[in-house]
Amino acid sequence: MSEMEIKSLEERFNQRIANDEKIEAKDWMPEKYRKTHIRQISQHAHSEIVGMLPEGNWITRCPTLRRKVALLAKVQDEGGHGLYLYSAAETLGISREELIDQLLSGEAKYSSIFNYPALTWADMGAIGWLVDGAAIMNQVALINTSYGPYSRAMIRICKEESFHQRQGYEIMMALMNGTQEQRDMAQDALNRWWWPSLMMFGPRDAESPNTEQSMRWKLKRKTNDELRQAFVDQTVPQAELIGLRIPDDKLKWNEERKHYDFGDIDWEEFWQVVNGHGPCNKQRLEARRKAHEDGAWVRDAAMAYAEKHANKTYRQAV
Ligand code: FAQ
């Protein structure tokens, strides 16, 4: 293709983005747009899959059958989100096997939040309330992202994440209405999950290498700092309503900005975790590798069946 032709395709692409048209899998797109989407969508998919682990660990220890049913459904939903998102990434010309290899080899990132341990039952409340709460804040904005398959996957994901957020908040509410020991457990979970939840939104805008371009392409519709602020503004009143204290001495309503001011995030901790040195990075990847190895016979059986079926269909056709 000549340079002139590429330039004209680029102009048309930029015009479509400016018009808020969705870009579809078979449409022409700049190579960097394709690669950036594979990166973000696959990181998102990996996060959903690795994100099943901290809560999955509690399914056998739920305090009641009702809690178990809700938690089981939530963890299964996260698995489903991972599968939609892998499918959305595959439309950009990468295979599922490559994506999984990137996760298992440690080459691909997944959300830092899932490298923290879930130590008590109250952590199931804190994860649903805060982690799913942060995920929704980010994902509702992504419904309007420019790439069609990613945007459409977000619609159902957001509906399910809302249920997850509510089940988590309801666990916190029940604990706060319980004994002093239960209230302490809820507060302790909030203390441990608050700061890592704020880190989920990524580095400050000034230090985020991808935000500017992703905003131009309408892959991201809000910046990391905008989403983080919206999350703090939404979550502080929820904590206060049930008698929880956000573990931040600098947290204060700013009447002029009409937003909460909040304390400094420990960015060194964030990068340690992102770069593989968080409390559970090793454990999480080992669990995924083991699950992948244990599932090899299922993949083999499915492939053998698919091949047999394809041969039969071919023989019938000729
Ligand atoms: N953890 O320039 P930016 C969920 C990386 S889903 C790890 O700002 P970008 C559901 C970033 O990849 C949670 N790495 O990057 C659930 C980049 O690295 P690279 C996941 C992070 O992409 C709930 C570098 O730092 N949600 O929780 C993190 O423009 C409960 C520079 O950063 C999504 O993935 C981090 N927190 O913005 C499941 C939403 N932050 O690739 C189970 C979609 C940044 O250049 C239980 N993703 N990095 O080497 C996004 O919106 C974006 O990708 C951001 C990062 C905002 C995460």
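Residues numbered from 1 in each chain as written. Predicted model: local features only at pLDDT ≥ 70, side-chain atom pairs only at ≥ 80, totals over all residues. Heavy atoms only, no water.

Peer 1: Help me understand the packing of helix H7 (residues 148–176) against helix H8 (residues 180–199), please; the structure alone is not making it clear to me.
Peer 2: How two helices sit against one another is set out by the angle between their axes and by the gap between those axes. Across the interface, H7 lies against H8 with an axial gap of 7 Å and an inter-helix angle of 140°. Overall, the two elements H7 and H8 adopt an arrangement that is oblique. Between H7, through Met172, Leu175 and Met176, and H8, the contact on the second element is made entirely by Gln182, Arg183, Ala186, Ala189 and Leu190. Residues of the contact of H7 with H8, tallied by class, amount to 6 nonpolar, 1 polar and 1 charged. (Axes fitted to C-alpha atoms, helices over the stretch in contact; angles between N-to-C directions. Helix = DSSP H or I, 4+ residues; strand = E, 2+ residues; numbered from the N terminus. Parallel < 35°, antiparallel > 145°, perpendicular 65-115°, else oblique. Contact = heavy atoms within 4.5 Å. Nonpolar A, V, L, I, M, F, W, Y, C, P; charged D, E, K, R; others polar.)

Peer 1: Looking at this model, I keep getting lost on the nonpolar core. Mind explaining?
Peer 2: Here is a general trend for soluble globular proteins: nonpolar side chains tend to be buried in one another's company. Ranked by size, the top nonpolar core spans 78 residues in total, and within it Trp193, Trp194 and Leu244 carry the most contacts. With 11 residues, helix H6 (residues 122–142) is the largest single contributor of residues to this core. Filtering out sequence-adjacent residues up to four positions away, Trp194 remains in contact with Leu130, Phe231, Val232, Thr235, Ile246 and Pro247. (Core = buried A, V, L, I, M, F, W, Y, C linked by side-chain atoms within 4.5 Å. Buried < 20%, exposed > 50% of the residue type's maximum accessible area, 1.4 Å probe, protein only.)

Peer 1: Can you walk me through the pattern of salt bridges in this structure?
Peer 2: The tally for this structure, following the rule as stated, stands at 26 salt bridges. In this structure, Arg221 and Asp20 form a salt bridge, with 4.0 Å as the shortest nitrogen-oxygen distance. Of this pair, Arg221 sits in the loop between helix H9 (211–216) and helix H10 (224–241) while Asp20 sits in the loop between helix H1 (3–18) and helix H2 (31–50); the two residues are 201 residues apart in sequence, bridging distant segments of the chain. By relative accessible area, Arg221 is classed as partly exposed at 30%. Between Asp261 and Arg257 there is a salt bridge whose closest N-O contact spans 2.8 Å. Salt bridges sharing partners connect three or more residues here, namely Glu55, Lys74, Glu78 and Asp132. (Salt bridge = Lys/Arg side-chain N within 4 Å of Asp/Glu carboxyl O.)

Peer 1: Please clarify how the site of the ligand should be interpreted in this entry.
Peer 2: Near the ligand you find 36 residues, and of these Gln43, Lys109, Ser112, Lys220 and Asn224 are the closest. Side-chain polar atom of Arg39 to an oxygen atom of the ligand: 3.0 Å apart, as the coordinates give it. In this structure, Asn224 approaches the ligand through a side-chain N or O atom, which is 2.8 Å from an oxygen atom. Protein chains shield 91% of the accessible area of the ligand, which is 1,100 Å² for the free molecule. (Near = heavy atom within 4 Å. Polar contact = N/O pair within 3.5 Å; in protein donor to acceptor, adjacent residues only side chain to side chain. Areas by Shrake-Rupley, 256 points an atom, 1.4 Å probe, with all protein chains shown as cover.)

Peer 1: Looking at this structure, how should I read the packing of aromatic side chains?
Peer 2: Each aromatic ring pair is summarised here by two numbers: the centre-to-centre distance and the angle between the ring planes. For the coordinates displayed, the defined rule picks out 11 aromatic pairs. Consider the rings of Phe13 and Tyr33, whose centres lie 5.0 Å apart with planes at 80°: the pair is edge-to-face. Here Phe13 is found in helix H1, whereas its partner Tyr33 is found in helix H2, with 20 residues between them in sequence. On the basis of relative accessible area, Phe13 is assigned to the buried category, the value being 2%. (Phe/Tyr/Trp six-rings, centres within 6.5 Å; stacked < 30°, edge-to-face > 60°.)

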